[in-house]
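Remarks on the overall topology
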Amino acid sequence: MNRVLAWATARRAAGRAGWRGTDALLRGAFGGLGLVGAGVALHRVDLVVIGLPLLVSTVLALSVPPGRPVRVTAQKLPRSVEAGDSARVAITVDHGGGVEFTAVRLPLPGRPGVGPVHLLPGADRELRTHLRWNTWGEGVDLRPDHLAGGRDGLLVSGPVVGVESRRTVLPPLAPPPAGPLPARLTGVVGAHRSPRPGDGAEPRAVRPFRPGDRVRRIDWRVSLRAGAATGEALGSPHVRERHAEANADLVFALDSRADVGPDLGSWSTAEPGGPVRRGGSLDTAVRAIAALAAAHLRQGDRVGLVDLGRPQLGVPPGVGRRQLLRLRHQLVACTRSAGWSPRPVLRPGQVPAGAAVVVLSPFLDDAVVDAAIRAAGHTRLLLAVDVLPAELVADPETPWGGAVRRVLLAEHRVRLAALRAHGVAVVPPEGVAAALARHRRGRR
C-alpha cells in the first residue's frame with residue numbers, strides 16, 4: 001500500500017512538472033494490477049507470476065519522480081550572415097533528473113533545414129553542431145524541437161517545438177568592373193567626368209585668364225608661347241580648365257514577378273513567396289544587382305532599387321556601405337514577395353531625373369517590355385538585362401514539350417527585338433559594365 005501511495009504521489013508531482021504518462025505506463029500499471037487481481041480471484045498462480053513483476057517494476061520506476069521539464073537552449077547567432085559563412089553552434093540540454101533519454105532536432109552539417117531528430121542519453125550535456133550557409137535567402141536554420149523520456153519510458157515531457165532561429169543570408173558580392181555612368185550635373189563629387197569645369201583631374205580646355213581664376217591654374221608654358229607670338233616677354237596669362245568630377249545615379253529595376261529555371265517542366269510548380277530557384281532567373285538577377293551595386297557604391301555613385309512587382313519594397317538612391325547593406329537586405333525581402341503581382345509597375349516618379357536605369361527581367365510577357373519602353377522615354381539611359389536561362393530544357397513528360405520551347409524562345413526573341421527597336425540596349429548580366437562604357441564613349 002505504501003508503494004502504491006508513493007507511486008500516486010510521484011505521478012501527481014510529474015504531472016505538475018509537465019510530464020505525462022505513456023501507453024507503457026498504462027500497460028504496466030493497469031495490466032499488472034489486472035493480472036494480479038485476476039490471479040487472486042481465480043486462484044491462478046501463473047497470472048500472479050506474470051502480473052506482479054510488471055506492477056512492481058512500474059511502481060519502482062515511478063518511485064523517484066522526474067524533475068523539471070527539459071530545457072534546450074541554443075547559442076545566439078547574428079541575425080544576418082554572408083553567403084559562404086559557417087559557424088559552430090552550442091546547444092545546451094538541461095533537466096532536473098530522472099531522465100533516461102532526450103530526442104533533439106539538430107541540423108546536419110552542410111545541409112539546409114532544421115535537420116532530423118537525434119536520440120541522446122539523458123544526462124545534462126552541451127551539444128555542438130556546425131552550420132554553413134551556402135545559398136542566400138531567408139529561412140529557419142535551427143529549431144531545437146525536443147522530447148524527454150523518464151525511466152523505462154513511462155513518462156515523457158513534450159514534444160516541445162523549439163524556438164526558431166531565422167537568419168538572413170545576404171547575396172554574395174562578386175565584384176565586376178564598374179562601368180562609367182552619365183554624371184548628374186548636380187553632383188560635385190564622384191568618379192565620372194562632368195561636362196562643366198571644376199576641380200577634376202581630366203583636362204578640358206585652355207583659355208585666357210579671367211578675374212576669379214586661381215593663380216595655381218595658370219599654365220605658364222602656354223602663357224610664354226602666347227607672349228612669344230606677340231613679341232612680348234610674357235603674354236596674357238592662360239589657365240588650364242579641368243572637368244569636374246561628379247557622381248551618378250543608378251537604379252536597378254528587379255522583375256520579381258517570375259522565377260524560372262532551365263527546366264520548363266518546373267515552371268508550373270512555382271508558388272508565390274516560395275524559395276528562390278538556385279541558378280534561376282531571380283537568383284541571377286539578385287546576384288548581378290548585388291555585385292554591380294557594390295562596384296558603383298565603391299566609386300561614390302548613388303544606387304537605388306525598384307521592385308517591379310511590389311513598388312513599396314523599393315529603396316531610394318543612396319551612397320555608402322550602409323546603402324549596400326540595405327540593398328542586400330531588401331533584395332532578400334523582394335524575393336520573399338516574388339510572384340504576387342501580375343503586372344509590372346515602373347513609374348517615372350520612382351526614378352530620379354538623369355539616373356541610369358537597369359531593368360533585370362526574363363521578359364516572359366509583353367507587360368514588362370511596355371513598361372521598359374515607357375521608362376526609356378523618361379530616363380537618360382536604360383539597359384535591359386535578360387536573365388532568362390541560356391539553355392532551356394523541354395519537359396520530357398509531355399509530347400508537345402519541344403514545341404512549347406520553340407514558341408517560348410520565338411516570343412522571347414520578338415520582345416527583345418522590340419526593345420532594341422525603341423533604342424533600349426539588351427545585354428546579359430555580365431555585360432552591363434561594358435554597355436555603360438560604350439554609352440559613355442558615344443556621348444563623348
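Overview of the structure. If you're wondering where the values come from, they're calculated on a predicted model, not measured in any experiment.

With that settled, the discussion passes to the overall build of the chain. For the chain, the count of helices and strands is nine helices and 19 strands. Counting over 444 residues, the chain shows a buried share of 44%. When the accessible surface of the chain is totalled, it reaches about 22,900 Å², and 58% of it is carbon and sulfur.

Further remarks concern the pairing of strand β17 (residues 356–361). In terms of burial, β17 is a largely internal element, six of the six residues being buried. Burial along β17 is two-sided: A356, V358 and L360 facing one way and V357, V359 and S361 facing the other are all buried. Of the strand pairs in this sheet, strand β14 (residues 249–254) and β17 are connected by five bridges, and their pairing is parallel. The partner of F252 across the bridge, within β17, is V358. Strand direction decides the pairing type here: β17 and strand β18 (residues 381–386), joined by six bridges, are parallel. Within β18, the position partnered with V358 by the bridge is L383. Each parallel crossover has a hand, and the one from β17 via helix α7 (residues 366–376) to β18 is right-handed.

On to the pairing of β18, then. With six of its six residues buried, β18 lies for the most part within the structure. Of the two faces of β18, the one lined by L381, L383 and V385 and the one lined by L382, A384 and D386 are each fully buried. Strand direction decides the pairing type here: β18 and strand β19 (residues 425–427), joined by three bridges, are parallel. The residue of β19 that forms the bridge with A384 is V426. On the question of chirality, the crossover connecting β18 to the parallel β19 by way of helix α8 (residues 401–421) is right-handed.

All told, the structure shown has zero aromatic pairs when counted by the stated rule. For the cation-ring pair, R278 lies above W136, with the distance from its terminal atom to the ring centre recorded as 5.2 Å.

Of note, L264 is situated in the loop between β14 and α5 (281–298). Note on L264: relative accessible area 13%, which makes it buried. Sequence-wise, L264 and G401 are 137 residues apart; in three dimensions their C-alpha atoms are separated by 8.2 Å. Apart from residues lying up to four places away in sequence, L264 is in contact with L392, V393, A394, D395, R405 and L408.

Moving on: the sheet that holds strand β8 (residues 137–142). Read from one edge to the other, the open sheet built from three strands follows the order β3-β11-β8, with strand pairing classed as mixed. Strands with a single pairing partner mark the edges of an open sheet, and in this sheet they are β3 (80–82) and β8. Each neighbouring strand pair of the sheet contributes to a mean axis angle of 40 degrees, computed without reference to strand direction. Pairing of β3 with strand β11 (residues 165–170) involves three bridges; the strand directions are parallel. Across the sheet, E82 pairs through a bridge with L170, a residue of β11.

In this section: a nonpolar patch on the surface. Together, L52, V56 and L60 give the surface a local cluster of nonpolar side chains, amounting to about 230 Å² of exposed area. For L52, the location among the structural elements is in helix α3 (residues 45–61).

What follows deals with the environment of V114. Along the chain, V114 falls in the loop between β5 (101–105) and β6 (117–121). Overall, V114 belongs to the buried group, its relative accessible area being 17%. The spatial distance from the C-alpha of V114 to the C-alpha of S165 is 9.4 Å, given a sequence separation of 51 residues. Beyond its immediate chain neighbours, meaning those up to four positions away, V114 contacts R105, L106, P107, V140, D141, L142 and R143.

We now examine α7. Looking only at α7, the buried set comprises A367, V368, V369, A371, A372 and A375. Buried residues along α7 sit in contact with β17, β18 and α8.

Now for the packing of α5 against helix α6 (residues 321–336). In contact at an axis separation of 10 Å, α5 and α6 are set at 170 degrees when each is read in the N-to-C sense. In terms of orientation, α5 lies roughly antiparallel with respect to α6. Along the contact surface, α5 presents L282, V286, I289, A290, A293, A294 and L297, while α6 presents Q323, L324, L327, L331 and T335. The residue makeup of the contact of α5 with α6, split by class, is ten nonpolar, two polar and no charged.

Thresholds, definitions, all that
- Residues numbered from 1 in each chain as written.
- Predicted model: local features only at pLDDT ≥ 70, side-chain atom pairs only at ≥ 80, totals over all residues.
- Heavy atoms only, no water.
- Helix = DSSP H or I, 4+ residues; strand = E, 2+ residues; numbered from the N terminus.
- Buried < 20%, exposed > 50% of the residue type's maximum accessible area, 1.4 Å probe, protein only.
- Areas by Shrake-Rupley, 256 points an atom, 1.4 Å probe, with all protein chains shown as cover.
- Pairing = 2+ DSSP bridges.
- Right-handed = clockwise from strand over helix to strand, strands pointing away.
- Phe/Tyr/Trp six-rings, centres within 6.5 Å; stacked < 30°, edge-to-face > 60°.
- Lys NZ or Arg CZ within 6 Å of the ring centre and 35° of its normal.
- Contact = heavy atoms within 4.5 Å.
- Axes fitted to C-alpha atoms, helices over the stretch in contact; angles between N-to-C directions.
- Patch = residues over 30% accessible without salt bridge, like charges linked within 9 Å, V, L, I, M, F, W, Y side chains within 5 Å.
- Salt bridge = Lys/Arg side-chain N within 4 Å of Asp/Glu carboxyl O.
- Parallel < 35°, antiparallel > 145°, perpendicular 65-115°, else oblique.
- Nonpolar A, V, L, I, M, F, W, Y, C, P; charged D, E, K, R; others polar.

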